[in-house]
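Working through the structure, step by step
Listed below are the residues making up each chain.
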Amino acid sequence: MQQYSSLPEQNSQVDITTKLLTSIEQLRADLWLECTLNKLQSRLNDCLLSSCTTEAEIFQTIVNELNSALQYSEVAIALFQSQETYKICYACESSSFLISNTGKKLQLSFDQAIDIQDLQQLENQQPPSAWRLAEDFAGVASWLILATQLQEPSSESLKPPQVKLTSKLMARAANQCAVALAQLRQIKSLQECSQHLESFNQQLQRTNQLKNQFLANTSHEIRTPLSSIIGFTHLLLAQGYDPTRERHQEYLNIIQSSGKHLLALINDILDLSKIEANQLEVQWETVNVPTLCKSVFAFLKEKAANKNLKLRLEIDAKITTLEADSLRLKQMLLNLLFNALKFTTAGSVGLKVAVKGEFMYFTVWDTGAGISKEDQTELFQPYFQIANAATGRDEGTGLGLAVTQKLVEIHGGWLKVESKLNQGSRFTIVLPLTQKEGVETFRGNVSTEVGGNGGNLNNNSSSKILLVEDDLPNAKLIKTYLEKLGYQVTWVKNAAEMWQALTQLQPAVILMDVYLPDENGLKLVQQLREKQQYKTIPIIAQTAMAMKGDRETCLTAGVNDYISKPIDLPLLATLVGKYSKMGQWA
């Protein structure tokens, strides 16, 4: 019996050896799988670390590494082409074939088309031969495809363990590819965000520099006329100083001119703010172009004469009218012409007006210093200024050209510049002759009746005016001016005084300030309109509210008309004259 006792031990040793070999083979397979995937991940990481990596490089890395690792197979990647068709975009040069579970032979080669149905069949067969990669932003997936080379009858086919191992490799490689693509897109997104933030930061720094320059220039521009206003006012008020009538008139003219300069500065700032907020009011009308241009040149004569410059105006004989906002058109031309005068020390400054097709061309030219190409790129940016050797300092706020360009665009036109250093400049405003339908328009209802005797009191009108104004200088100005015209002005400072005055007075017109210490002026208007005895009294709002919509707000509250501060005294006289007659007839 003992001679058979060693047989089980021998079988056990064989089984142990077999199991050991199997375990070793499994470990080798697992090791090969992990090494291959680690190498692939390392290559993908290298790609992602590159600053100019693309999806194409990710795909090509996958194909190259898998083809290098697989002995009897080839790998390809198909990308979406159109509708239900994909195209092999990454593959080896040599061709091979796939056998789907339906027995259909599919050729796998570079640039070969393949249908989505075939890819889905390859994905669903066992073992699979196709794997979906991550979907792009349009929801379209790309595909990773494994092609097993057709073997000769005498050659050895892939064994089941090898097939299983290859499938596992492909599935995990597809996952690595999908993760790498997602990371690449995230990196690209972060790079774009970083670039955007960097660009935005540069713009903020540039804006901050321009703002500081603007504040410095604005401070200078404000202080200069204020110095004249305060200085000459002090001189006129000085004890013992009795200037001649001519000197007195000269000083007052300087004070008035300086005040208008301050108002123009404020208007430039407000205009840019209104334009950027899309709140600029445009009053369309038929403009007599020759008359407007001659009026513009009347403003320039003194400044040009002081610099010994010649002014030239050339208007095509066939030019008559243009549909535009006359005040804004005058503002555009004056901005360009004053700039031309500022940068010209000798020679001429001119304006040429011509018509070409459906557009009118206003060309302002000069023989001045010219503008460099570098400065021309920044010319229409707010607050930007060109150093002016003609004056030795920067003048203005740097808003004139920015405002002008935006006004031109609001009119449906464009502004262009031609200039060379030391050869002068040419700025051309191009405007359509007529405005197209749909262009936003605003037509104010302020009376422009300035003919006849203007604001002088008519004997047929009532002379009693109630002025509701809390600001002493403005109240004195309006009261003095209207009394000079013959009106009887009662001035009250707040709502309480107004109600008290109305118990003793039946005014022909009420001039209502909007901001009062004890009540909002527009609420007072509404309260007046609710009372029968005050319902028909004309009310004119006189206020510093000057933004788009302020006029409509006042009219909606119940006022008859509106005038903004600083008060245009002749216009005020016209309005008071008009409505005092209406009040009497009512």
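1. Describing the overall build of the protein
What the protein contains, in helices and strands, is 14 helices and 19 strands. Relative to all contacts within the protein whose residues are 6 or more apart in sequence, the contacts with residues 24 or more apart total 67%. As displayed, the protein has an accessible area near 33,100 Å², and 51% of this comes from carbon and sulfur atoms.

2. A few points about a positive patch on the surface
On the surface, a cluster of positive charge is contributed by Lys352, Lys356, Lys416 and Arg426. Locating Lys356 in the fold gives a position in strand S11 (residues 348-356).

3. Observations regarding the packing of aromatic side chains
Aromatic ring pairs are described here by two measures, namely the spacing of the ring centres and the angle between the planes. Enumeration over the complete set of coordinates arrives at five aromatic pairs. Their ring planes at 35° and their centres at 4.9 Å tell us that Phe232 and Tyr251 sit as a pair that is tilted. Of this pair, Phe232 sits in helix H4 (residues 160-237) while Tyr251 sits in helix H5 (residues 245-276), and the two are 19 residues apart along the sequence. In this arrangement the basic side chain of Lys356 is found over the ring face of Tyr361, its NZ or CZ atom lying 5.0 Å from the centre.

4. Some points on H5
If you check H5, its first and last C-alpha atoms are 47 Å apart, about what 32 residues at 1.5 Å a residue would give, namely 46 Å. Residues of H5 that are buried include every one of Tyr251, Ile255, Ser258, Leu262, Leu265, Asp268, Asp271, Leu272, Lys274 and Ile275, and no others. One or two positions beyond H5, positive phi appears at Asn278, with a value near 55°.

5. Quick notes on the pattern of salt bridges
Tallied over the full model, the rule gives ten salt bridges. For Glu34, the salt bridge is made with Arg172, and the minimal N-O distance between the two is 2.8 Å. You can see Glu34 sitting in helix H1 (residues 6-49) and its partner Arg172 sitting in helix H4, a full 138 residues away along the chain. Residue class for Glu34 comes out partly exposed when judged on its relative accessible area of 32%. Arg172 sits in the partly exposed class, given a relative accessible area of 35%.

6. Details of the packing of helix H12 (residues 521-529) against helix H13 (residues 550-557)
In helix packing, the relevant descriptors are the interaxial angle and the interaxial distance, both defined with respect to the helix axes. Two elements in contact, H12 and H13, have axes whose closest approach is 8 Å; the angle formed by their N-to-C orientations is 30°. By the angle between their directions, the pair H12 and H13 is classed as roughly parallel. Within the contact between the two elements, H12 uses Leu522, Val525 and Gln526 and H13 uses Thr553, Cys554 and Ala557. A breakdown of the residues in the contact of H12 with H13 according to their chemical character gives four nonpolar, two polar and no charged.

Rules used in this analysis
In every chain, residue numbers begin from 1 and rise along the written sequence. Residues qualify for local features only when their pLDDT is at least 70, as the model is predicted, and side-chain atom pairs are given and counted only at 80 or more; totals for whole chains, interfaces and linings, by contrast, use all residues. Side-chain metrics rest on all non-hydrogen atoms present in the structure, leaving aside hydrogens and water. Here a strand is any run of E in DSSP of at least two residues, a helix any run of H or I of at least four, and the numbering for each starts at the N terminus. Contact criterion: two residues are considered in contact whenever any of their non-hydrogen atoms come within 4.5 Å of each other. Note on areas: Shrake-Rupley with a 1.4 Å probe; residue coverage comes only from the protein chains shown. Candidate patch residues must exceed 30% relative accessible area and have no salt bridge, after which like charges are joined if within 9 Å and Val, Leu, Ile, Met, Phe, Trp or Tyr side chains if within 5 Å. Salt bridge, as used here, is a side-chain nitrogen of Lys or Arg placed within 4 Å of a carboxyl oxygen of Asp or Glu. We treat Lys and Arg as the positive residues and Asp and Glu as the negative residues; His and chain ends play no part in the count. Lysine's charge is taken at NZ, arginine's at CZ, aspartate's at CG and glutamate's at CD. Think of it this way: a Phe, Tyr or Trp ring, Trp meaning its six-membered ring, pairs with another when their centres are within 6.5 Å, and the plane angle makes it stacked under 30 degrees, edge-to-face over 60, tilted otherwise. Criterion for a charge above a ring: Arg CZ or Lys NZ at most 6 Å from the ring centre, at most 35 degrees from the ring normal. Each residue after the first adds 1.5 Å to the expected span of a helix. Per-residue accessibility, obtained with a 1.4 Å probe over protein chains only, is compared with the maximum for each type, and a residue is labelled buried under 20%, exposed over 50%, and partly exposed between these values. Axes here mean lines fitted to C-alpha atoms, for a helix over just the part in contact, with angles spanning 0 to 180 degrees between N-to-C directions. Each angle is binned into one of four classes, with values under 35 degrees roughly parallel, values over 145 roughly antiparallel, values of 65 to 115 roughly perpendicular, and all other values oblique. Residues are grouped as follows: nonpolar covers Ala, Val, Leu, Ile, Met, Phe, Trp, Tyr, Cys and Pro; charged covers Asp, Glu, Lys and Arg; every other residue, Gly included, is treated as polar.

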